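Topology and contacts: notes
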Amino acid sequence: MDILKAKDVREMDRVAIAGGKPGLELMENAGKGLVEVLSGRLGGMSGKKVVIFAGKGNNGGDGFVAARYMRKMGVSAHVVTLAGEKEMKGDALANYTRARKLKGIKFIDGYNESIAPVRQVLRGCDVIVDAVFGTGFR
């Protein structure tokens, strides 16, 4: 497996967007790709319990997309948001809004609520996804 540095990934995104790929399409592909990799490693996703920690940026947006795909595969998808809707922008906000409209994805306000609901949802989960920090983290 090749390991890329953040600057390399940012450059790949820049080239793709400059070449006409919309950011929403890149985000869709990233979220879908994550689910495909997880499904392959786990021998399928149906019946699994997944907790996604999602930030306010594009990495969070990837997590919201992944939650949508997981739900379609029969996954018990839980998203712990680490930022409020007002802090999200652009493609991340668009995918947050889409995921919120989909029945069956459980959202936990991880920035205002106590830690108790987060602890509870982590019990018995099969996978934890980090969709908090991406290549823009400083």
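A brief look at the structure comes next. (Residues numbered from 1 in each chain as written. Predicted model: local features only at pLDDT ≥ 70, side-chain atom pairs only at ≥ 80, totals over all residues. Heavy atoms only, no water.)

Considering all chains together, one arrives at 2 aromatic pairs under this definition. Look at Tyr96 and Phe107: their rings are 5.8 Å apart centre to centre, the planes differ by 80°, and that puts the pair in the edge-to-face class. With Tyr96 in helix α4 (residues 90-101) and Phe107 in strand β3 (residues 106-109), the pair connects residues that are 11 residues apart, well separated along the chain. By the burial criterion, Tyr96 is buried, and Phe107 matches it. (Phe/Tyr/Trp six-rings, centres within 6.5 Å; stacked < 30°, edge-to-face > 60°. Helix = DSSP H or I, 4+ residues; strand = E, 2+ residues; numbered from the N terminus. Buried < 20%, exposed > 50% of the residue type's maximum accessible area, 1.4 Å probe, protein only.)

Let's shift gears to the sheet that holds strand β1 (residues 49-54). Where strands meet in a sheet, backbone hydrogen bonds hold them as pairs that are either parallel or antiparallel. Taken together, 4 strands build an open sheet; the order of strands is β3-β2-β1-β4 and the sheet is parallel. In this open sheet, the two strands that pair with only one neighbour each are β3 and β4 (127-131). For this sheet, the mean inter-axis angle between neighbouring strands, taken without regard to orientation, is 20°. Pairing of β1 with strand β2 (residues 76-81), which is carried by 6 bridges, proceeds in the parallel orientation. Each bridged residue has a counterpart across the sheet, and for Phe53 the counterpart in β2 is Val80. Running at roughly 160° to β1, helix α3 (residues 58-72) makes contact with β1, β2, β3 and β4 of the sheet. (Pairing = 2+ DSSP bridges. Axes fitted to C-alpha atoms, helices over the stretch in contact; angles between N-to-C directions. Contact = heavy atoms within 4.5 Å.)

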